[in-house]
Amino acid sequence: RVVGGFERYNDDQNHIWQQPASVLGALTFAPTPDFETTLTYEWLDMKSVPEQENNFLIGTGPMAGEFYPVPRDFFWGSLNDRAETKTHTVLLESLWEVSPYVTLKANGTYQHYDMWWQNTRLQSTRGVGRPSPDANGNVPRYVSGRQGAGDSWSVGADATGDFSLYGFEHEWLIGGGRGYERTRSSGRQVASQSREGGPYPVGELNIFNPDYRDYPYQYRIWDDPLGDPNKRNDTNFYVQDMITLPWQTTRVMLAGGWSRYKDILPDESNTSAHWSPRIALMQDFNDDLMFYASFGQSFVPNSLGLLNAEGDYITTPQKGTQYEVGLKQELFNDRLLATLAVFRINKRNIPMALQDASLGECDPGAAPAPGTPATYDGTGDCRYMLNGLERSQGVEVNIAGAI
């Protein structure tokens, strides 16, 4: 099987577009009815000018507190602003039905990407905001850029099957996997009107008569050496059993997963591991009405490189707990399904930026080195705190069917 794709999308905002192109080839080998394996390769080339906010709140000058007087389709950037990513992906999948009671699956994936972007934005001052246009309608801008590359691979396998024992029917699943990821990047502000911008200083933009042009900053972005790699490897194991009790109207699901993540930064590493259980009960009152209750926990590490208020890396993972009970009712000969559920979801340790929104955008490339004291006047970027508890709870009613 071979598939090719090309698309061109133009936004309603001037000069904003996306252009993905891809080629995918897949070869399946099935020597017996019980075994097949598929090798897939995909090449993806994504070019775009990322969508920007079309208007901004003015923070200083005679128009402070107002928005710039520009139309909805106004563009603030340069004509050669770009975000380009090239990705190569290889996937191998195998399926073997060993017997009527056992099926084995295995997969392996490798992916490599290269990317760079250039973005021209309005100049702003932290704690103050964006300036009013001058008497002629000109506003200052700056250009930032980043390049990066990354590799990742993963392997996994699981087995599924079913059996009966003493009147109890079991549908079981057991499996695990291993993954690795390495990323490298560099980024900086490559030109600005507020400091030396080299031989190609970025020009002002007139909001009443914008003169768009190209600014040749790519060579400065590409000349930046990629930084030290950030690495992550993870290992996971999971098991599940769906048990149908002898009287056939009650089912119990018991499941659990164990995950271990290790983040390796240039100057620090962090390892976190956790079990995540899941339990569910389902009771059929008749062929059309079922009661269910479930409990589950989740675990995921926070992103690499986030700094807390003291300038240290955040190593605490996010954790969640979900409770849900409900009823499912089929009506009119299965033409309508109605669900009533009561739920509560608790999440902890989600990062929240410490800066107030008035301090402007948070640039991850400008984060201070670990160990430096935090400041909140705009000189210390991208500091985070972990929230205590986020809770979602309520009642959900859903009705779906065919009229």
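Every chain is numbered independently, its residues counted from 1 as its sequence is written. Under the rules for a predicted model, residues below a pLDDT of 70 receive no local features and side-chain atom pairs below 80 are neither given nor counted, while totals for whole chains, interfaces and linings still include all residues. The basis for the side-chain values is all heavy atoms of the structure; hydrogens and waters are excluded.

### Focus on the packing of aromatic side chains
Where we set the bar: Pairs were defined over the aromatic rings of Phe, Tyr and Trp, the Trp ring being its six-membered one, requiring ring centres within 6.5 Å. Orientation was assigned from the angle between planes: stacked under 30 degrees, edge-to-face over 60, tilted for the rest. Put simply, DSSP H or I for four residues or longer makes a helix, DSSP E for two residues or longer makes a strand, and each gets a number counted from the N terminus. Burial status follows relative accessibility: with a 1.4 Å probe on protein chains alone, a residue under 20% of its type maximum counts as buried, one over 50% as exposed, and anything between as partly exposed. Only Lys NZ and Arg CZ are tested; either one counts as a charge over a ring when it is within 6 Å of the ring centre and within 35 degrees of the ring normal.
With the rule as written, the count across this model stands at seven aromatic pairs. Measuring from centroid to centroid gives 5.5 Å for Phe75 and Tyr212, while their planes differ by 50 degrees, and the two rings are tilted. Residue Phe75 is found in the loop between strand E5 (58-60) and strand E6 (82-99), and its partner Tyr212 is found in the loop between strand E12 (205-206) and helix H1 (218-223); the two are separated by 137 residues along the sequence. Of the two residues, Phe75 and Tyr212, neither departs from the other in class, the shared state being buried. Ring geometry for Tyr261 and Phe299: centres 5.8 Å apart, planes at 55 degrees, overall tilted. In this pair, Tyr261 sits in strand E14 (residues 250-265) while Phe299 sits in strand E16 (residues 289-300), placing the two residues 38 residues apart along the sequence. With a relative accessible area of 19%, Tyr261 lands in the buried category. A connected cluster of aromatic rings, assembled from ring pairs, spans Phe56, Tyr68, Phe74 and Trp76. Over the ring of Trp17 we find Arg8; its NZ or CZ atom is 4.2 Å from the centre of that ring.

### Quick word on the side chain of Asn302
The cut-off we apply is this: Counted as a polar contact is a pair of N or O atoms within 3.5 Å, where, for protein atoms, one must be capable of donating a hydrogen and the other of accepting one, and residues adjacent in sequence contribute only when both atoms are in side chains.
When you line up the elements, Asn302 lands in the loop between E16 and strand E17 (318-331). Given a relative accessible area of 5%, Asn302 falls into the buried group. Reaching out from Asn302, the side chain makes a polar contact with the side chain of Gln318 at a distance of 2.7 Å. Side-chain polar atoms of Asn302 contact the backbone oxygen of Asn349, separated by 3.3 Å.

### Looking at the confidence of the model for the protein
Convention followed: For every residue, the predictor assigns a confidence score, pLDDT, that lies between 0 and 100. The contact rule is simple, with two residues in contact once any of their heavy atoms fall within 4.5 Å.
Averaged over every residue, the pLDDT of the protein is 87; residues scoring 70 or more account for 90%. For the protein, the element scoring lowest by mean pLDDT is H1, at 75; strand E1 (residues 2-6) scores highest, at 98. Within the model, pLDDT remains below 50 along residues 363-380, and this stretch shows 34 contacts once partners closer than five positions in the same chain are excluded.

### Some details on the nonpolar core
This is how the line gets drawn: Think of a nonpolar core as a cluster: buried Ala, Val, Leu, Ile, Met, Phe, Trp, Tyr and Cys residues, connected wherever their side-chain atoms sit within 4.5 Å.
Counting residues in each nonpolar core, the largest one holds 15 residues, and the members touching the most others are Tyr68, Phe74, Trp76 and Val139. Membership of the second largest hydrophobic core comes to eight residues, among which are Trp116, Val202, Tyr217 and Ile221.

### Considerations on the pattern of salt bridges
Threshold: Salt bridges are identified by distance alone: a Lys or Arg side-chain nitrogen within 4 Å of an Asp or Glu carboxyl oxygen.
Applying the stated rule across the entire model yields six salt bridges. Across the salt bridge formed by Asp12 and Arg72, the nearest N and O atoms sit 3.7 Å from each other. Taken together, the positions of Asp12 in the loop between strand E2 (9-10) and strand E3 (17-32) and Arg72 in the loop between E5 and E6 put the pair 60 residues apart, joining distant regions of the chain. Sharing partners across several salt bridges, the network here consists of Asp45, Lys47 and Lys86.

### Things to note about a negative patch on the surface
Selection criterion: Like-charged residues are merged into a patch within 9 Å and nonpolar side chains (Val, Leu, Ile, Met, Phe, Trp, Tyr) within 5 Å, provided each residue has over 30% relative accessible area and no salt bridge. Each accessible area is a Shrake-Rupley result for a 1.4 Å probe, and residues are judged covered by the shown protein chains and nothing else. In this count, Lys and Arg are taken as positive residues and Asp and Glu as negative ones, while His and the chain termini are left out. Note that the charge is assigned to NZ on lysines, CZ on arginines, CG on aspartates and CD on glutamates.
On the surface, Asp228, Asp267, Glu268, Glu310 and Asp312 cluster together to form a negatively charged patch. Assignment of secondary structure puts Glu310 in the loop between E16 and E17. Accessibility expressed as a relative area gives 51% for Glu310, which makes it exposed.

### What about the environment of Ala157?
Along the chain, Ala157 turns up in strand E10 (residues 141-165). The partly exposed category is assigned to Ala157, whose relative accessible area is 40%. Along the chain, Ala157 and Gly177 lie 20 residues apart, while their C-alpha atoms are 6.5 Å from each other. For Ala157, the residues in contact, after removing those within four places along its chain, are Lys105, Ala106, Ile174, Gly175, Gly176 and Tyr238.

### Regarding unusual backbone geometry
Negative phi values dominate among residues other than glycine, just as trans dominates among peptide bonds. Here Asn333, not a glycine, exhibits a phi torsion of approximately 55 degrees, which is positive. Examined against the element boundaries, Asn333 turns out to sit in the loop between E17 and strand E18 (336-348). A residue is classified by how much of its surface remains accessible, and Asn333, at 78% relative accessible area, is exposed. Of note, Asn349 is a non-glycine position whose phi angle comes to about 70 degrees, a positive value.

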